[in-house]
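A look at the structure
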Amino acid sequence: MKALVYGGAGKKSWTDVPDPAIRNPGDAIVRVDTTTICGTDLHILKGDVPAVQEGRILGHEGVGTITEVGSSVTSLKPGDRVIISCIKSCGHCANCRTGLYSHCLGDEGAPGIGWIFGHLIDGTQAEYVRVPYAENSLHLLPDGVSDEQAVMLSDIFPTGFEIGVQYGRVKPGDTVAVVGAGPVGLAAIATAGLYGAAGIIAVDLDRNRLELSRSFGATQVVVSSDADWKSQVLSHTDGLGVDVAIEAVGIPATFDMCTEIVRPGGNVANVGVHGKPVELHLERLWIQNINVSMGLVNTNTTPMLLRLVAQKKLPAEKFATHHFGFDQFMDAYDTFSRAAETQALKVVITR
């Protein structure tokens, strides 16, 4: 089969590799019908994730059709259409029993690390992929949900919802600011209303993404390069600050922005993946009684989000801005890596 293979920092290739095979009784082999590219893949290609070894097949998002199952898999069968979760779940360890799949203790990849596809084992940017713990790491697709919609549930939708909205403790009537209107930030915007947010303020440098954020549920937008960006945000909160500030970029400046606009007793939910240390000004923040949260997605809300997508309650299809075939993988990476120029949100790559 062909797959997108990591060749070291700055190197990748769409090339021939051996077909995956069943290794353990709980495995499934999935023919990948649709996949996409994540910002994390770009970090890997820059050499920022040293755990990813040369020769690794990249990708942790995908939708496909099961072609083979291991001997202990009884709830899935060849021919089933499934979402491949970006996080493994053995289903029986202490962490999985509490829904903390991001720290699944199963041996696959490494105990305690839930993100393994395209990281510690071969991933989904390939014609076929082996999925361990298949009964807990795959989700059956109902009729009426397209591959294009479903692939957004592999990672970005549960990430924005769980780490942004749930960890941020959004409650009815809250005003929420989302700093960063990329795919995950837009997912947080789209799902904040599920918990009753009354106002959702999108903050970003990119005016195009800000305008797009309105269609995902933003009620106000603020250009973060404006000299008075902070006063603009506060003007939507009677000057008190937002109840929840969601950081969805992953740089020190945007984290600091969130701490500047949150009200006393509010919540800062860090969703972005930071590659550099962030200074936490406890000398200023301790007296404000705020909560700061962060984390890796568990994907334990994926079944619920899938039901909402099936009922047309969430705009999953709006994330797909560019489409490519499997023979255009290199073009897809080029387009996604220049998102500010190409206005790409998620590139959808299909057979």
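This write-up is about the structure you can find in this document. All residue numbers refer to positions counted from 1 along the written sequence of the respective chain. The predicted nature of this model means local features are confined to residues of pLDDT at least 70 and side-chain atom pairs, given and counted, to a pLDDT of 80 or more, with totals for whole chains, interfaces and linings taken over all residues. Hydrogens and waters are ignored; side-chain quantities use all the structure's heavy atoms.

**Side note on the packing of aromatic side chains**
We apply this condition: Here the aromatic set is Phe, Tyr and Trp, taking the six-membered ring for Trp, and pairing holds for ring centres within 6.5 Å; pairs whose planes are under 30 degrees apart are stacked, those over 60 apart are edge-to-face, and all others are tilted. Strands are runs of DSSP state E lasting at least two residues, helices are runs of H or I lasting at least four, and both sets are numbered from the N terminus onward. Placement of a positive charge over a ring is assigned whenever Lys NZ or Arg CZ falls within 6 Å of the ring centre and within 35 degrees of the normal to the ring plane.
The tally for this structure, following the rule as stated, stands at six aromatic pairs. With 5.9 Å between their ring centres and 90 degrees between their planes, Trp14 and Phe326 make a pair best called edge-to-face. A residue pair is termed long-range when its members are at least 10 positions apart, and Trp14 in strand β2 (residues 12–16) and Phe326 in the loop between β14 (320–325) and α12 (329–337) qualify at 312 residues. The interplanar angle of 25 degrees and the centroid separation of 4.7 Å between the aromatic rings of Trp14 and Phe329 together place this pair among those described as stacked. Note that Trp14 is positioned in strand β2 and Phe329 in helix α12, a separation of 315 residues in sequence. Here the basic side chain of Arg351 rests over the ring of Tyr128, its NZ or CZ set 5.3 Å away from the ring centre.

**Looking at helix α11 (residues 302–310)**
To keep things clear, this is the line we draw: Three labels apply to residues, based on accessible area from a 1.4 Å probe with only protein chains included: buried if under 20% of the type maximum, exposed if over 50%, partly exposed otherwise in between. The directions from the helix axis to the C-beta atoms are what the arc is built from.
When we look at burial in α11, the residues that qualify are Thr302, Leu305, Leu306 and Val309. Looking straight down α11, one finds its buried side chains confined to an arc of 105 degrees; they lie on one side. Count one or two residues on from α11 and you reach Lys312, which has phi positive near 65 degrees.

**Some words on the sheet that holds strand β13 (residues 291–294)**
Adjacent strands of a sheet form backbone hydrogen bonds with each other and so pair up, either parallel or antiparallel. Convention followed: Only strands that DSSP links by at least two bridges are regarded as paired with each other. Angles here are taken between N-to-C directions and fall from 0 to 180 degrees, while the axes themselves are lines fitted to C-alpha atoms, restricted in helices to the stretch in contact. Pairs of residues are marked as contacts when any of their non-hydrogen atoms sit within 4.5 Å.
Ordered by their spatial adjacency, six strands build an open sheet running β10-β9-β8-β11-β12-β13, and the pairing between neighbours is parallel. In this open sheet, the two strands that pair with only one neighbour each are β10 (220–223) and β13. Across the sheet, the mean angle separating the axes of adjacent strands is 20 degrees when strand polarity is ignored. Here four bridges tie strand β9 (residues 199–204) to β10, and the two strands are oriented parallel to one another. What sits directly across from Asp204, in β10, is Val223. Helix-sheet contacts for helix α5 (residues 156–166) involve β11 (242–247), β12 (262–270) and β13, and the interaxial angle to β12 is about 155 degrees. Across the face of the sheet, helix α7 (residues 207–216) comes into contact with β9 and β10 while running at roughly 170 degrees to β10.

The quantities given are spatial measurements derived from coordinates; they are silent on function.
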